[in-house]
Amino acid sequence: MQGGVEARNLTRGFSTYRRREGVRGALRDLVLRREVFRVTALADVSFTVSPGECVALLGPNGAGKSTLMKILAGVLCPERGTVLVNGVDPWTQGIRHRRLIGVLFGHRSALWWNIPVLESLRFLADIYGVGREEFGRTLTELREVLDLDPLLALSARELSLGQRMRCELAAVLVHSPPLLLLDEPTIGLDLLTRLSLRSFLQKLAKKGKTTIVFSSHDLLDVEGLAARTLVLDAGHLIFDGTIPELKSRYTDFTARVTVFLDEEPTDSVRTVLAQLGEPEADSDAPCVLRFKVREITPFVHQLMQQCSPRDIRIEQPTIEEVVLALYRGRGER
């Protein structure tokens, strides 16, 4: 299943040492046995990704996102569980696995530091066995969508961060992999470069030929790219679904509703509005109300029957508010 991922009960932990404080503590660590404790990075994580999907990994720092990405890339081996990436086991079929994925991990470079970017891309094409004609077609497309022409003659050390990230994307796409694994692809980039990369990934995702799994703290990237989100917390998968599903699950959030009338509301209309919902405390307008998200539909039905509004504007909670509640443990699990 090229472009697909099947993960079952992935578990991975790490052992580390607890350091004692101060000079005395450091000396004791030298001569005595240090205390070892266990950190769980992933705990029984299971999911599937279908070919052509664009899936975002969300979670606070330390949630296990990078560990999961490294397992999918074949860099780390899980202690328990199984995973097939493109229908291939990343460890027993490592060479075939690496030919079928493109990996971008933050600031780690696939380019050679002192040679022109074009030569790096040619070298990578040779490593992956990409023919000259195929490489030429792929390079022509990448030059256009990533605006590479001014950069190909420069070495990686001469590029700004934003320019290098565009070239890094070209490097991971030079062999046209069916699956892209991107760990914080827009981290540290300026606004224009971030928008450019997001636009490119949107085009790639819309074609449906490339599966994209990416992690990001930029929720605009997530809303703009992902058809589905996986939310990790302390190594556990706590949500798997779309962003609308994520929002609808947390129904205790309030929505802001503005009611537009053809004329100034009469006392009777004000009374009806007050009965239907709670006026917003910091608004002078009588037609701005706040509701629990789950109460919006019955409110609209009653309003249409009793007030005949010209228009209704509903501002639901943002993805930032929902995810923040998830991180803080306020929502339902």
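Preceding this section is the structure that the text describes.
Small disclaimer: the values here were computed from a predicted structure and weren't measured. (Residues numbered from 1 in each chain as written. Predicted model: local features only at pLDDT ≥ 70, side-chain atom pairs only at ≥ 80, totals over all residues. Heavy atoms only, no water.)

A. Seen up close, the sheet that holds strand β9 (residues 236–241). The sheet built from six strands is open, its strands ordered β5-β6-β7-β3-β8-β9 with mixed pairing. Looking at strand neighbours, the two that pair on one side only are β5 (101–105) and β9, the edges of this open sheet. Within the sheet, the average angular offset between the axes of one strand and its neighbour, ignoring direction, is 15°. Direction of pairing for strand β3 (residues 54–58) relative to strand β8 (residues 228–233): parallel, over a ladder of four bridges. Looking at the pairing, Leu-58 lines up with Val-231 of β8. Across the sheet, helix α2 (residues 65–73) lies against β3, β5, β6 (179–183), β7 (211–215) and β8, angled at about 150° from β6, the strand it touches most. (Pairing = 2+ DSSP bridges. Helix = DSSP H or I, 4+ residues; strand = E, 2+ residues; numbered from the N terminus. Axes fitted to C-alpha atoms, helices over the stretch in contact; angles between N-to-C directions. Contact = heavy atoms within 4.5 Å.)

B. Spotlight on the environment of Asp-29. Note on placement: Asp-29 falls in helix α1 (residues 22–31). Classification of Asp-29 by relative accessible area gives buried; the value is 14%. The spatial distance from the C-alpha of Asp-29 to the C-alpha of Arg-19 is 7.1 Å, given a sequence separation of ten residues. Those residues in contact with Asp-29 that sit more than four places away from it in its chain are Arg-19, Arg-20 and Arg-34. (Buried < 20%, exposed > 50% of the residue type's maximum accessible area, 1.4 Å probe, protein only.)

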